[in-house]
Amino acid sequence: MTDRDVPLAEQRYAAPVPEVPARPDAPTGHLLDRRARRLHDLRISVTDRCNFRCTYCMPKSVFGADYAFLPHASLLSFEEIARVARLFVAHGVEKIRLTGGEPLVRRDVERLIGMLAQIATPSGAPVDLTLTTNGSLLARKARALRDAGLQRVTVSLDALDDTVFRAMNDVGFPVADVLAGIDAAAEAGLRPVKVNMVVKRGVNEDQILPMAERFRHSGHILRFIEFMDVGTSNGWRLDDVVPSGEVARRIGERFPIAPAEPNYHGEVAERWRYLDGAGEIGLISSVTQPFCGGCTRARLSTEGKLYTCLFAGSGYDLRALLRGGRDDAHIAAAIGAIWRARDDRYSELRSADTAGLRRIEMSYIGG
Ligand code: SAM
Ligand code: SF4
Ligand code: SF4
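The model shown is predicted, which means the values in this text are computed figures rather than measured ones. (Residues numbered from 1 in each chain as written. Chains lettered and ligands numbered in written order. Predicted model: local features only at pLDDT ≥ 70, side-chain atom pairs only at ≥ 80, totals over all residues. Heavy atoms only, no water.)

## Details of the environment of Ser-74
Item 1. Mapped onto the fold, Ser-74 is located in the loop between β2 (41–45) and α2 (78–90).
Item 2. The exposure class assigned to Ser-74 is buried, which follows from its relative accessible area of 14%.
Item 3. Distance in space between the C-alpha atoms of Ser-74 and Glu-303 is 5.5 Å, their sequence separation being 229 residues.
Item 4. Sequence-distant contacts of Ser-74, defined by excluding residues within four places in its chain, comprise Thr-302, Glu-303, Arg-319 and Arg-323. (Helix = DSSP H or I, 4+ residues; strand = E, 2+ residues; numbered from the N terminus. Buried < 20%, exposed > 50% of the residue type's maximum accessible area, 1.4 Å probe, protein only. Contact = heavy atoms within 4.5 Å.)

In structure tokens:
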């Protein structure tokens, strides 16, 4: 097996979908797993392709010119995605995030957003619809995304220094164009814009303060993410992680901050606010302070596999049910059975023993 084959071979690994009774119960709008965690969020990866090659996510050594991305026929169609999304919402999902790969490289993604924006929760409220993007196409697309029904956007930006940023995205993409995308998103009403910065030791840690300074008073929320051991191709080492505690200390020394209350139970980012009223930041500490206890997220891969954890080694093949003529009641019951059996808590168990486990690539499962 060559290096190039490893991620794709992993992606094809499917877990058996549980048996479903002949007359399944209808979704109740409230589903709990074995650790009493609600099914509340759905992340949908709409493509495994990306126009960046961030070194911590899709390194060129693995995702090179001859990498075998999924063929179009393998991808869930927009109709299939919307059908599955409706079933998840019937089970209690209130928040849907489109991701990837780079979601804005999927052709016509606005049409999918329009379809998802029509979905209402059992209480009649529209589902909360957001998207995570590298921002490269946002300046061009923000208005159309908003018009289609997108509510907010999260933009990934790892540095303000152009040389550092170009090296991290590894395709020489300029910072200025991502900043223009963030401005366009805010102008289009996709507010507040969240800005995600993955911090890697010795690579962009010197960008923590410039990024903080840039986004203070902007109305945008800058979130610092610990470099994670997702997938098996990014060469992750614990030594490369800059703990969130250190990020908070460095920022606090320059701009005093204080912890703020979470917006809701299970919020992944720990909120801190600037004492001078300049806004807030978030810290996402998957490595140093795992938050599995409040993890309410399901992930639907580009080809329709359901993953109950970012670090899962295999997913449940919902596409086989969709294309195998199963009705909504059957698929909803399968989703219910999968979630009820869920026991994942990888980040809490992370240790030398988990280092060699099979893990799906971030660009495939969706971050
Ligand atoms: N392409 C889009 C983007 O970059 O925003 C969406 C997909 S990307 C996989 C989603 C998020 O995952 C991004 O904010 C990215 O920085 C983050 N990410 C990717 N690999 C990561 C890693 N190894 N550790 C922590 N965050 C990572
Ligand atoms: Fe692409 Fe996003 Fe991964 Fe960067 S983090 S390579 S932009 S999918
Ligand atoms: Fe959720 Fe898995 Fe991450 Fe824990 S490791 S927070 S269960 S996705």
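## Section: the nonpolar core
Item 1. Within the largest apolar cluster, 116 residues are counted, with the highest numbers of intra-cluster contacts made by Phe-88, Ile-96, Leu-98, Phe-224 and Ile-251.
Item 2. Excluding residues that lie within four positions of it along the chain, Phe-224 makes contacts with Met-197, Val-199, Ile-208, Val-247, Ile-251, Ile-281, Gly-282, Leu-283 and Ile-284. (Core = buried A, V, L, I, M, F, W, Y, C linked by side-chain atoms within 4.5 Å.)

## Here we look at the site of ligand 3
Item 1. Taken together, the residues surrounding ligand 3 are Phe-291, Cys-292, Cys-295, Arg-299, Cys-309, Leu-310, Phe-311, Arg-342, Asp-344, Tyr-346 and Ser-347.
Item 2. Taken together, the residues of the shell around ligand 3 sort by class into seven nonpolar, one polar and three charged. (Near = heavy atom within 4 Å. Nonpolar A, V, L, I, M, F, W, Y, C, P; charged D, E, K, R; others polar.)

## Examining the packing of helix α7 (residues 208–215) against helix α8 (residues 244–254)
Item 1. Their axes nearest at 10 Å, the elements α7 and α8 cross at an angle of 60 degrees. When the axes of α7 and α8 are compared, the pair comes out oblique. The handedness of the crossing between α7 and α8 is right-handed. Within the contact between the two elements, α7 uses Ile-208, Leu-209, Ala-212 and Glu-213 and α8 uses Val-247, Arg-250, Ile-251 and Arg-254.
Item 2. Broken down by class, the residue content of the contact of α7 with α8 amounts to five nonpolar, no polar and three charged. (Axes fitted to C-alpha atoms, helices over the stretch in contact; angles between N-to-C directions. Parallel < 35°, antiparallel > 145°, perpendicular 65-115°, else oblique. Left-handed = near helix turned anticlockwise from the far one by under 90°.)

## Topic: the pairing of strand β3 (residues 95–99)
Item 1. Among the five residues in β3, five count as buried, and that is most of the element.
Item 2. Burial along β3 is two-sided: Lys-95, Arg-97 and Thr-99 facing one way and Ile-96 and Leu-98 facing the other are all buried.
Item 3. Where β2 meets β3, five bridges bridge the pair, whose relative direction is parallel. Its bridge partner being in β3, Asp-41 is matched across the sheet by Lys-95.
Item 4. This β-α-β element, β2 to α2 to β3, shows right-handed connectivity.
Item 5. Sheet topology note: the β3/strand β4 (residues 128–133) ladder contains four bridges and is parallel. Residue pairing across strands places Ile-96 opposite Leu-129, the latter belonging to β4. (Pairing = 2+ DSSP bridges. Right-handed = clockwise from strand over helix to strand, strands pointing away.)

## A closer look at the packing of aromatic side chains
Item 1. The final tally for this structure, using the stated rule, is seven aromatic pairs.
Item 2. Centre to centre, the rings of Phe-63 and Tyr-67 are 4.7 Å apart; their planes meet at 45 degrees, and the pair counts as tilted.
Item 3. Given the relative accessible area of 2%, Phe-63 is considered buried.
Item 4. Taking the centre distance of 4.2 Å and the plane angle of 15 degrees together, the rings of Phe-311 and Tyr-346 count as stacked. With Phe-311 in the loop between β12 (305–307) and β13 (315–317) and Tyr-346 in helix α11 (residues 346–349), this residue pair connects regions lying 35 residues apart in the sequence.
Item 5. You can call Phe-311 buried: its relative accessible area is 8%.
Item 6. What makes Tyr-346 buried here is its relative accessible area of 8%.
Item 7. Put simply, the rings of Phe-52, Phe-165 and Phe-173 pair up and form one aromatic cluster.
Item 8. One residue, Arg-214, lies across the ring of Phe-215, its end atom 5.3 Å from the ring centre.
Item 9. For Arg-216, the ring lying beneath its charged end belongs to Tyr-274, and the centroid distance is 4.7 Å. (Phe/Tyr/Trp six-rings, centres within 6.5 Å; stacked < 30°, edge-to-face > 60°. Lys NZ or Arg CZ within 6 Å of the ring centre and 35° of its normal.)

## Re the confidence of the model for the protein
Item 1. This prediction gives the protein a mean pLDDT of 92; 94% of its residues lie at or above 70.
Item 2. Between residues 1–6, whose pLDDT stays under 50, and residues either more than four places distant or in other chains, the model counts seven contacts. (pLDDT = per-residue confidence, 0-100.)

## A short note on the pattern of salt bridges
Item 1. Inspection of the entire model under this criterion finds 25 salt bridges.
Item 2. Residues Asp-162 and Arg-166 are paired through a salt bridge, measuring 2.6 Å at the closest nitrogen-oxygen approach. Within this pair, Asp-162 and its partner Arg-166 are both found in helix α5 (residues 162–169), separated by four residues, close to a single helical turn.
Item 3. One connected set of salt bridges, linked through shared partners, spans Asp-33, Arg-37, Arg-342 and Asp-344. (Salt bridge = Lys/Arg side-chain N within 4 Å of Asp/Glu carboxyl O.)

## Things to note about the packing of α2 against helix α10 (residues 328–340)
Item 1. Interaxial distance between α2 and α10 falls to 10 Å at its minimum, and their mutual angle equals 60 degrees. Comparing the axis directions of α2 and α10 gives the class oblique. The element α2 and its partner α10 pack so that their crossing is right-handed. The residues of α10 that touch α2, namely those facing Arg-83, Leu-87 and Phe-88, are Asp-328, Ile-331, Ala-332 and Ile-335.

## Description of α2
Item 1. The end-to-end C-alpha separation of α2 is 18 Å, in line with the 18 Å expected for 13 residues at 1.5 Å each.
Item 2. When α2 is considered as a whole, its buried residues turn out to be Phe-78, Glu-80, Ile-81, Ala-82, Val-84, Ala-85, Leu-87, Phe-88 and Val-89. (Expected span 1.5 Å × (residues − 1).)

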